[in-house]
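Residue-level listing of the chains:
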Amino acid sequence: MGKDSITVVKVGGGIVEEAASLDRLLRDFAAIEGFKLLVHGGGRSATRMAAAFGVETTMIDGRRVTDDDMLRVVTMVYGGMVNKNVVAGLQALGVDALGMTGADMDIIRSHRRPVTSSGVDYGWVGDVERVRGDALASLVRSGIVPVVAPLTHDGHGHLLNTNADTMAQAVATGLSPYFDVRLVYCFEKPGVLRDADDDASVIPLIDSALFERLKADGIVSGGMLPKLSNSFDALRGGVESVIITSAASLSDLSVGTRLIL
């Protein structure tokens, strides 16, 4: 007897932070049949909130440096405002959603990222160590739809700011022993583009060899690099399929870029 299927959707902060795009995203997500789970970002809101509190935002290679003050901000924004707005919106659509961080039920444990060889200290940024896939699977099978914020913990009482794309990959991989997992990365573009300025240049299928060529040619760069790296990590970790597409295409997953090993 085969495993049940589950769809893990990761949605970028820009989509959940705007009322119109959030409304469409939640309606399309609610319409997904079967078991599902949502992972969200919220970086733009965190930057705005930090400015309101007089906390300076420092980014290095697209990653947010998280000192004590910034950790308080991202905890309020990711685990509070953004997460609960998403949960409330899903409840209004009849989806029995539960907002979570990695600390809840100890579902995702991380360690603080070490100082890099070049001396960069990202502060309270977490690199995932393990996922309690059994606990998540039990929740999902009970009819709950987890909505996971990009925060984890170290097991010693400290929260850690953790990349949302990595969270989605870790959750999808952790669930793969219990479900056939489909991982969908949703963002503002219609997929991985051959030309960043041409939304019609979607690359429909990328395998690991093509990924290496796209990196070498500079076609894939910036924030798309970790997204694709996470995608291939998920496939190697047992996830059945990975799709990168626009949030507007969540109702039609034949659109976008499909990843294969």
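Quick summary incoming for the structure in this document. (Residues numbered from 1 in each chain as written. Predicted model: local features only at pLDDT ≥ 70, side-chain atom pairs only at ≥ 80, totals over all residues. Heavy atoms only, no water.)

Along the polypeptide, G126 turns up in strand 7 (residues 126–131). Using a relative accessible area of 3% as the deciding quantity, one classes G126 as buried. Not counting residues within four places of it along the chain, the set of residues in contact with G126 comprises S110, H111, T152, L160, N161 and T162. (Helix = DSSP H or I, 4+ residues; strand = E, 2+ residues; numbered from the N terminus. Buried < 20%, exposed > 50% of the residue type's maximum accessible area, 1.4 Å probe, protein only. Contact = heavy atoms within 4.5 Å.)

With the rule as written, the count across this model stands at 15 salt bridges. Linking R132 and D134 is a salt bridge whose minimum nitrogen-to-oxygen distance equals 3.9 Å. Look at R132 and you get partly exposed, because its relative accessible area is 30%. Residues K215 and E212 are paired through a salt bridge, measuring 3.4 Å at the closest nitrogen-oxygen approach. Here K215 and its partner E212 are both found in helix 7 (residues 208–216), three residues apart, which amounts to about one turn of the helix. Given the relative accessible area of 33%, K215 is considered partly exposed. Note on E212: relative accessible area 44%, which makes it partly exposed. Residues joined in a network through salt bridges with shared partners are K10, D165 and K227. (Salt bridge = Lys/Arg side-chain N within 4 Å of Asp/Glu carboxyl O.)

Here we come to the layout of surface pockets. The space that makes up the largest pocket amounts to roughly 1,000 Å³. If you trace the largest pocket, you find 41 residues lining it, with K10, G62, N163, D165 and G223 closest to the centre. Contributions of two or more residues to the lining of the largest pocket are made by helix 1 (13–16), helix 3 (43–52), strand 4 (63–64), helix 6 (164–175) and helix 8 (224–236). In terms of residue count, the dominant contributor to the lining of the largest pocket is helix 8 (three residues). Across the lining of the largest pocket, the residue classes tally to 14 nonpolar, 15 polar and 12 charged. (1 Å grid on protein atoms, 1.4 Å probe; cavity = no way out; pocket = protein on both sides within 12 Å on 5 of 7 lines; lining within 4 Å. Points joined across faces, edges and corners; volume = space filled by probe spheres on them. Nonpolar A, V, L, I, M, F, W, Y, C, P; charged D, E, K, R; others polar.)

Within the open sheet, the eight strands sit side by side as 5-8-2-1-11-13-14-12. Their pairing is mixed. Both edges of this open sheet fall to strand 5 (97–100) and strand 12 (205–206), since each of them pairs with a single strand only. By the bridge criterion, two bridges tie strand 2 (residues 35–40) to strand 8 (residues 145–148) in an arrangement that is parallel. Note on strand 8: the bridge partner recorded for V39 is V148. Helix 6 rests against strand 1 (5–11), strand 2, strand 8 and strand 11 (180–187) of the sheet, and its axis sits at about 170 degrees to strand 11. (Pairing = 2+ DSSP bridges. Axes fitted to C-alpha atoms, helices over the stretch in contact; angles between N-to-C directions.)

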